Amino acid sequence: MKLTTKGRYAVTAMLDLALNQRGGVVTVADISQRQRISVAYLEQLFGRLRRYGLVESVRGPGGGYRLAMPDAEISLTQIVEAVNESISTTQCGGDPQQGCKGDGQQCLTHDLWEELGDRIAEFLGGITLGQLVQKQLTKELMQAAPIAMRDKTPLRQTHNTA
């Protein structure tokens, strides 16, 4: 199963929004520049995220988007589902009428792929946007720490052995 760019970009854009809103709003143009995702594509994603109730839009000068609820209450599954991304890993996409073979019958490995899809959904459902924010902030602090350490000259002790 491969999560398409729609789902990955939606999670990326929501993480960017959560990291940068600081009580205000974030423009799609800013997210586009930081994440190198086209403005038009982001507008489509944010339209779906807004309809799903995950973001709010603020119109006019100084407008943009903000989270509609605390980041700790938004699971990654909600984000992926909001942009109509399927987590199904079966060949039939979970459509029992169609079936894996197109005739209503399941393929031999249908149950295996269905279980994988369930585990992926469970995994993504167990991670919140707030957790991703904390991980990213910790990562940024860890990356900044070596730079801060280089700016300080370590004290060296010298021993006289005379």
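Residues numbered from 1 in each chain as written. Predicted model: local features only at pLDDT ≥ 70, side-chain atom pairs only at ≥ 80, totals over all residues. Heavy atoms only, no water.

> Which residues make up the side chain of Thr77, and what values do they have?
By the element assignment, Thr77 lies in helix H4 (residues 76-82). Among the polar contacts listed, one links the side chain of Thr77 to the backbone oxygen of Ala121, at a separation of 3.2 Å. In contact with Thr77, not counting residues within four places along its chain, are Ile87, Ala121, Leu124 and Gly125. (Helix = DSSP H or I, 4+ residues; strand = E, 2+ residues; numbered from the N terminus. Polar contact = N/O pair within 3.5 Å; in protein donor to acceptor, adjacent residues only side chain to side chain. Contact = heavy atoms within 4.5 Å.)

> Can you break down the packing of helix H1 (residues 5-20) against helix H3 (residues 39-51) residue by residue, with the values?
Axis separation between H1 and H3 bottoms out at 10 Å; the angle between their running directions is 80 degrees. The pairing of H1 with H3 is recorded here as roughly perpendicular in orientation. On H3, the residues touching Thr5, Lys6, Tyr9, Ala10, Ala13, Met14 and Leu17 of H1 are Tyr41, Leu42, Leu45, Phe46, Arg48 and Leu49. A class-by-class count of the residues in the contact of H1 with H3 yields 10 nonpolar, one polar and two charged. (Axes fitted to C-alpha atoms, helices over the stretch in contact; angles between N-to-C directions. Parallel < 35°, antiparallel > 145°, perpendicular 65-115°, else oblique. Nonpolar A, V, L, I, M, F, W, Y, C, P; charged D, E, K, R; others polar.)

> Provide a residue-level description of the packing of aromatic side chains, including the pertinent values.
In this structure the tally under the stated criterion is two aromatic pairs. Here Tyr9 and Tyr41 contribute two aromatic rings whose centre-to-centre distance is 5.7 Å and whose plane-to-plane angle is 85 degrees, an arrangement assigned as edge-to-face. Taken together, the residues span a long stretch of sequence, with Tyr9 in helix H1 and Tyr41 in helix H3 at a distance of 32 residues. A relative accessible area of 24% places Tyr41 in the partly exposed class. (Phe/Tyr/Trp six-rings, centres within 6.5 Å; stacked < 30°, edge-to-face > 60°. Buried < 20%, exposed > 50% of the residue type's maximum accessible area, 1.4 Å probe, protein only.)

> I'd like a description of the side chain of Thr128, backed by residues and values.
If you trace the backbone, Thr128 turns up in the loop between helix H5 (110-125) and helix H6 (129-150). Discounting chain neighbours no more than four positions away, the residues touching Thr128 are Asp71, Ala72, Ile74 and Ser75.

> Tell me about the packing of helix H2 (residues 28-35) against H3, and please be specific about residues and values.
Think of two packed helices as two axes; the pair is described by the angle between the axes and how far apart they sit. Running from N to C, H2 and H3 point in directions that differ by 120 degrees, and their axes come no closer than 9 Å. When the interaxial angle is binned, H2 and H3 end up oblique. Here H2 runs over H3; the crossing is right-handed. Residue-level inspection shows Val28, Ala29, Ile31 and Ser32 of H2 in contact with H3, the latter providing Val39, Leu42, Glu43 and Phe46. The residue inventory of the contact of H2 with H3, partitioned by class, reads six nonpolar, one polar and one charged. (Left-handed = near helix turned anticlockwise from the far one by under 90°.)

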